[in-house]
Structures are given as structure tokens and as C-alpha cells.
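The lines below spell out each chain.
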Amino acid sequence: MDELADTFKVFCLADRWKSDYFWNSESFCKNYEGFCIGYKAVDLFKQDSFFMECNTPYDYMITNNGKHYFSLPPIKYDKNDKHTFDYWDKAYDKNGNYDPTATNTKNTNTIIYNFLHKYERFNNEHEYRAWFKTSNNINKVYIPKEIIVCIIFGMNCPDYLTLKSQFESNNSNIKFYKQIIDADGHVDCIRL
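Residues numbered from 1 in each chain as written. Predicted model: local features only at pLDDT ≥ 70, side-chain atom pairs only at ≥ 80, totals over all residues. Heavy atoms only, no water.

## Digging into the overall build of the chain
Here is step 1: Summing up its helical and strand segments, the chain has 4 helices and 11 strands in all.
Here is step 2: Burial analysis of the chain (192 residues in total) assigns 32% to the buried set.
Here is step 3: Long-range pairs, those at least 24 residues apart, make up 63% of the contacts in the chain with a sequence separation of at least 6.
Here is step 4: Counting every atom, the chain has about 12900 Å² of accessible surface; 50% of that belongs to carbon and sulfur. (Helix = DSSP H or I, 4+ residues; strand = E, 2+ residues; numbered from the N terminus. Buried < 20%, exposed > 50% of the residue type's maximum accessible area, 1.4 Å probe, protein only. Contact = heavy atoms within 4.5 Å. Areas by Shrake-Rupley, 256 points an atom, 1.4 Å probe, with all protein chains shown as cover.)

What follows is the structure, encoded as C-alpha cells:
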């Protein structure tokens, strides 16, 4: 089961960079010390569903005009109890024997449900989530540097000028910003 689980990869993004929730959270970048990478997503089918280009063709990707894309469905936030994993829920075959490979158990459905759902208390994340299945045990997602459009450094990001130089040396088209708190106390940024 561990080997099977290792073949699945998850890539999470958000569509809100102006969120104090991200900039000053223990879960993301506390005390405004991190940075935000802005990627270019495309609506391949003109249906308000976004895709992101990837250099490596993983399973369950779309190939369009010789380029590989993964889907970025939005997370749905709700209050229901389908998020709970029941350790004791077991699946049995027709003879009453425990079957660890069964796919129609409550827990399997819970895992599938949790891939695109989260509790409502996380709705500040505005998350989009892609997933990949790899058969060659690749643990990284390789994205073309051309789709990185901007980087926003937190106002307390240490050595942000050094980081800016490193990013610029790999892609001179990236726009750089520094996150600030505006006069109204809201997150904003200025161009570097």
C-alpha cells in the first residue's frame, strides 16, 4: 500500500495572494517571512476550468498542441461529516474474508471526497488542487520557467534581494514585488 501511495502526488495552489491568512500563519509563512510564486494558468477549453503546463507527462494529464497540462479544480468547502476516516471500516469479499484491496469501502470514498473537499473553516485558502499518478517514482513537478510570472516577497522575507537575484538569473521575465500592509491594514504589494 505504501508503494501505491507513493505513486500519487498532490500540488496545491491558491488564487488569493492578498490574504493575511497566508502571510502571517503558522501553517504557511509566519510573520510575513515567506514568498509567493505567481503562475500562469490557462483555460484550455474556455469553461472556467484551469490547467497548468508541466514539463513532465504524468498519468492523467492532458496533452494539447504538444504541451502537457494538469487540471486545477477548485476545492469545495463544506460542513458535512464526510471528512472522517474510519480506521475500523473494513471491506470483505463475498465469502466474508477481509479484502484490503477492495475499492468500494467507506474509507476509499472518504479519501476521494477529501481530495476535492475541505471543512468550511479552511475557506480562506481559496485552494486549487492538482494530483498526479507517477509510475516512474518522480517526486517533483517540473514546470516551465516561462509560466512563472511573478514573485512576491513577504515584508519580512530575509535576504529577499539575494533570492531576487537568483530568480532573475533563471528567468529575466519575472516581475518582482514586496508585500506591504497598506494604510487600511490590508495586504498589498509594491513593485521592486
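## So, the sheet that holds strand β5 (residues 67-72)
What holds strands together in a sheet is hydrogen bonding between their backbones, with the strands either parallel or antiparallel.
Here is step 1: Pairing in this open sheet of 3 strands is antiparallel, and the strands run β3-β5-β4 from one edge to the other. Strand pairing shows two members of the sheet lacking a second neighbour, β3 (50-54) and β4 (62-64), which therefore form its edges. Between one strand and the next, the sheet's axes are offset by a mean angle of 45 degrees, whatever the strand orientation.
Here is step 2: One ladder, built from 5 bridges, connects β3 with β5; its direction is antiparallel. What sits directly across from Phe51, in β5, is Ser71. (Pairing = 2+ DSSP bridges. Axes fitted to C-alpha atoms, helices over the stretch in contact; angles between N-to-C directions.)

## A word on the pairing of strand β8 (residues 127-133)
Note on strand geometry: in a regular strand, side chains alternate between the two faces of the sheet.
Here is step 1: The buried count for β8 comes to 5 of 7 residues, which makes it a mostly enclosed element.
Here is step 2: Bridge analysis of strand β1 (residues 8-14) against β8 gives 7 bridges, and the strand direction is antiparallel. The residue of β8 that forms the bridge with Cys12 is Arg129.

Interpretation in functional terms is not warranted from these geometric data alone.
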